[in-house]
Amino acid sequence: MKRPVQALLLVLSGLGLLHVTVLSDVYLRYVKEGMHPLLVASGLVLLLLGSAEGWSAYRSWALGTSDSPGDHGNHDDHDSEDTAGDDDRDAGGGHGAGSRHGHGHDHSRPPRAAWLLFLPALSLLLYAPPALGAYTAAREAPKPLGVQKEFDPLPATSPLPITLGDFTRRVRQDEERAVEGRTVLMAGFVTPDGDGWYLTRLILNCCAADAQSVRVRMYGVPAPKADTWVAVTGTWHHAGTLGTDSAEVALDARTMREIAKPSNGYTDAVPLLPAP
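Attention here is on the structure that accompanies the text. Please read all numbers here as calculations on a predicted model, not as lab measurements.

Another aspect to go through is the overall build of the protein chain. When its secondary structure is counted, the protein chain shows 7 helices and 6 strands. Listing the helices and strands of the protein chain from first to last along the sequence gives α-α-α-α-α-α-β-α-β-β-β-β-β. Per-residue burial over the protein chain gives 36% buried out of 276 residues. Taking contacts inside the protein chain between residues at least 6 apart in sequence as the whole, the part at least 24 apart equals 68%. Carbon and sulfur atoms make up 57% of the accessible area of the protein chain, which totals about 16000 Å².

In structure tokens:
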């Protein structure tokens, strides 16, 4: 891969990173929000390196000292001289073929697969892959929740805004059974499961590759289309013993409405919106 092409690859990669971090929030589809400064810095570094490499390649070409287009004739002349020298050595009984192989010139081209490096750079500029959703959540085991012995008292608000993770912990670990009979409000995206569905959130530790799901089974309302973001109100679905591992993490939904997808969908946030 010639120097101008290498420079172009660096520039496109830098522009792609800056496009998804500075000009939009697309980067939140792939990494946590805290990675933003590092991604911006990486984009700037790639852009500067590509520009410097491109300028250096241009200067070398202008001075006639580079491998840029237009130098092939020089290479051909050089190869001719090498061949002639080898022929002379052959005529003199030398090891021409062996000398040619050991001459140190490697005119082989890089593997064609190297051009595939342009695909991720161009995808960030032209078509960024979508965020993870129901397809991933249906195939990932739910995120294991840490043991919590003490819980803060719940406010008297009704419906009570609560995260999926907090609801899960209270259903299975809160011996005070604070959620029993309480109408709660949760938000997430739809993950179909057979005849039913889950209200789901995906949580990142670092990036989309380590995403884990938090989900609550829904009863009482038909399943919307997969990946639809909804806000749901309801009460705990009586199945098992509340406050123990036998309790099903499920909700008897009373109302449901579609909501806009948040800019950062990889957080298990309390819904800051009115009840449906």
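This part covers the pairing of strand E3 (residues 196-203). Most of E3 is tucked away, with 8 of its 8 residues classed as buried. Alternating positions in E3 separate into two faces, Gly196, Tyr198, Thr200 and Leu202 on one and Trp197, Leu199, Arg201 and Ile203 on the other, with burial throughout. Two strands pair when backbone bridges link them, and strand E2 (residues 184-193) and E3 are joined in this way by 5 bridges, in the antiparallel orientation. Pairing of Phe189 across the sheet is with Thr200, part of E3. By the bridge criterion, 7 bridges tie E3 to strand E4 (residues 212-219) in an arrangement that is antiparallel. Bridge assignment links Leu199 to a residue of E4, and that residue is Val216.

This paragraph deals with a nonpolar patch on the surface. Among the surface-exposed residues, Trp55, Tyr58 and Trp61 lie close enough to one another that they form a single nonpolar patch of about 390 Å² accessible area. Relative to the assigned elements, Tyr58 resides in helix H2 (residues 36-62). The partly exposed category is assigned to Tyr58, whose relative accessible area is 47%.

This part is about the environment of Gln173. Along the chain, Gln173 falls in helix H7 (residues 164-173). The spatial distance from the C-alpha of Gln173 to the C-alpha of Phe151 is 9.2 Å, given a sequence separation of 22 residues. Those residues in contact with Gln173, other than ones at most four positions away along the chain, are Leu145, Gly146, Val147, Gln148, Phe151 and Gly243. Engagement of the side chain of Gln173 in a polar contact is seen with the backbone nitrogen of Gln148, the distance being 2.6 Å.

For E2, the buried fraction is high: 8 of the 10 residues fall into the buried class. Summarising the sheet, strand E1 (residues 160-161) and E2 pair through 2 bridges and their orientation is parallel. Counterpart to Leu160 in the pairing with E2 is Val184. For the segment spanning E1, H7 and E2, crossover handedness is right-handed. Sheet topology note: the E2/strand E5 (residues 229-236) ladder contains 6 bridges and is antiparallel. If you follow Met186 over to E5, its bridge partner there is Val232. Hairpin connection from E2 to E3: 2 residues lie between these consecutive antiparallel strands, with Gly194 at a positive phi of about 65°.

Here we take up the packing of aromatic side chains. All told, the structure shown has 2 aromatic pairs when counted by the stated rule. Each ring, one from Trp115 and one from Phe118, has its centre 5.9 Å from the other, and the planes form 20°; the classification is stacked. Of the residues examined, Trp115 reaches a relative accessible area of 47% and is grouped as partly exposed. Look at Phe118 and you get buried, because its relative accessible area is 10%.

Moving on, we get to unusual backbone geometry. Between Ser158 and the following residue, Pro159, the backbone shows a cis peptide bond with an omega angle of -5°. Turning to its location among the elements, Pro159 is positioned in the loop between helix H6 (134-139) and E1. If you check the backbone angles, Arg177 has positive phi at about 55° while not being a glycine. Position of Arg177 relative to the elements: it lies in the loop between H7 and E2. The exposure class assigned to Arg177 is partly exposed, which follows from its relative accessible area of 38%. Not every positive phi belongs to a glycine, and Asp227 is a case in point at roughly 75°. Mapping Asp227 onto the fold places it in the loop between E4 and E5. Residue Asp227 is classed as partly exposed on the basis of its relative accessible area of 41%.

Turning our attention to the packing of helix H1 (residues 3-21) against H2. Running from N to C, H1 and H2 point in directions that differ by 155°, and their axes come no closer than 7 Å. One element, H1, and the other, H2, form an angle in the roughly antiparallel class. H2 is crossed by H1, and the crossing has left-handed handedness. For the contact of H1 with H2, a count of residues per class yields 14 nonpolar, 12 polar and 2 charged.

About the cut-offs
- Residues numbered from 1 in each chain as written.
- Predicted model: local features only at pLDDT ≥ 70, side-chain atom pairs only at ≥ 80, totals over all residues.
- Heavy atoms only, no water.
- Helix = DSSP H or I, 4+ residues; strand = E, 2+ residues; numbered from the N terminus.
- Buried < 20%, exposed > 50% of the residue type's maximum accessible area, 1.4 Å probe, protein only.
- Contact = heavy atoms within 4.5 Å.
- Areas by Shrake-Rupley, 256 points an atom, 1.4 Å probe, with all protein chains shown as cover.
- Pairing = 2+ DSSP bridges.
- Patch = residues over 30% accessible without salt bridge, like charges linked within 9 Å, V, L, I, M, F, W, Y side chains within 5 Å.
- Salt bridge = Lys/Arg side-chain N within 4 Å of Asp/Glu carboxyl O.
- Polar contact = N/O pair within 3.5 Å; in protein donor to acceptor, adjacent residues only side chain to side chain.
- Right-handed = clockwise from strand over helix to strand, strands pointing away.
- Phe/Tyr/Trp six-rings, centres within 6.5 Å; stacked < 30°, edge-to-face > 60°.
- Axes fitted to C-alpha atoms, helices over the stretch in contact; angles between N-to-C directions.
- Parallel < 35°, antiparallel > 145°, perpendicular 65-115°, else oblique.
- Left-handed = near helix turned anticlockwise from the far one by under 90°.
- Nonpolar A, V, L, I, M, F, W, Y, C, P; charged D, E, K, R; others polar.

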